[in-house]
Amino acid sequence: MKTEYITAKTILNKSKLHGLDYTINPYIGCGFACKYCYASYLSNLVKEENSEWGNFVYIKKNTIELLDKSLKKFEHCLQTPSIMVSSATDPYQYIESKEKITRGIFEKFVEYDFKGQILCLTKSPLILRDMDLFKQLKNLTLNFSISNDNKKIKDYFEPNAPSIRSRFKALEILNKNNLNTCVFIAPILPYYENHIDELESLIKSIKNAGTTNIVYDLLNMHGNMNRYRECFKNSRKGRELYVEHSENSEYREKMKNIMKNLIQKYNLTTNYER
């Protein structure tokens, strides 16, 4: 894994995501190497090849200094903004155990008694390390990304990410500590159209872990998905199922209805879906 330190110009970036004002991404790159990751377009910022996404991490060494300056400005604002950690990297990827930049971010939130909405999205049980800080923050939602509960699928699409079992175990611990949680099922892969029982099992596992709110997103092929498409260039069946099928409007409508029925069946809530 290639790692380098860089100096960032800004750390709070205006968000294009629904209901969020800013995002913080303490790293460029991610060691989890998920094949469907849309953020691989950021490879260009550090002059890396898009195909190398997952093999490098650039560490924004001045993250905490920049965040401190930004939070000072918000102290006198009438309305505190909403912030997501992180939108284009995993804040608790393996290198975080050494660098502790994400922990430093939450330490700053605590120091300033930040009252705005904070969201954190990860695939890693390393998030449990910072529960002492989470318990001191208001309006915090801890989001786990769990798009499947099938080891073969996970190992192919998320080769270096922590196991699904470890994520569910961490999710359960967060809930037992009365922290607000949500699960991102994103993307929902076309595989599930013919394996509805597995999709329902995933929903049931989320509910059993104590989480009642989910966000789901069907696989979207727009934008920077060339790296994803490359995975199936030599497989006609793979292209049909995981690329072409995902763009079929009938399929998309069918899966949305299936998800709505499962959400209702397990008495879950969702505040965003696509």
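For the structure itself, consult the block above.
On a predicted model such as this, the values are computed, not experimentally measured, just so you know.

Undergrad: What exactly am I supposed to notice about the environment of N224 here?
TA: Position of N224 relative to the elements: it lies in the loop between β10 (213-218) and α8 (226-230). Its relative accessible area of 25% is what places N224 among the partly exposed residues. Setting aside chain neighbours within four positions, we find N224 in contact with Y38, S40, Y41 and N50.

Undergrad: Could you clarify how one ought to interpret helix α1 (residues 63-74) in this entry?
TA: Given 3.6 residues per helical turn, the α-helix brings residues three or four places apart onto the same face. When the terminal C-alpha atoms of α1 are compared, their 17 Å separation across twelve residues agrees well with the 16 Å that a helix rising 1.5 Å per residue should span. Inspection of α1 places T63, L66, L67, D68, S70, L71 and F74 among the buried residues, and these make up the whole buried set.

Undergrad: Help me out: how do you make sense of the pattern of salt bridges in this one?
TA: Side-chain pairs of opposite charge can arise where the charged atoms are in close proximity. In this structure the tally under the stated criterion is 23 salt bridges. In this structure, the salt-bridge partner of E96 is R129, at a minimum N-O distance of 2.7 Å. Of this pair, E96 sits in helix α2 (residues 96-99) while R129 sits in the loop between β7 (118-122) and α4 (131-134), placing them 33 residues apart in sequence. Judged by its relative accessible area of 26%, R129 falls in the partly exposed class. If you follow the salt bridges from partner to partner, you end up with E96, R103, E107, R129, D130 and D132 in one network.

Undergrad: Teacher, can you tell me more about the side chain of T89 here?
TA: By the secondary structure assignment, T89 is in the loop between β6 (83-85) and α2. With a relative accessible area of 10%, T89 lands in the buried category. Looking at T89, its side chain comes within polar contact range of the main-chain oxygen of G29, at 2.7 Å. In this structure the side chain of T89 is engaged in a polar contact, spanning 2.9 Å, whose partner is the side chain of Q93. Excluding its chain neighbours within four sequence positions, the residues that come into contact with T89 are N25, P26, Y27, G29 and C30.

The rules behind each value
Residues numbered from 1 in each chain as written. Predicted model: local features only at pLDDT ≥ 70, side-chain atom pairs only at ≥ 80, totals over all residues. Heavy atoms only, no water. Helix = DSSP H or I, 4+ residues; strand = E, 2+ residues; numbered from the N terminus. Buried < 20%, exposed > 50% of the residue type's maximum accessible area, 1.4 Å probe, protein only. Contact = heavy atoms within 4.5 Å. Expected span 1.5 Å × (residues − 1). Salt bridge = Lys/Arg side-chain N within 4 Å of Asp/Glu carboxyl O. Polar contact = N/O pair within 3.5 Å; in protein donor to acceptor, adjacent residues only side chain to side chain.

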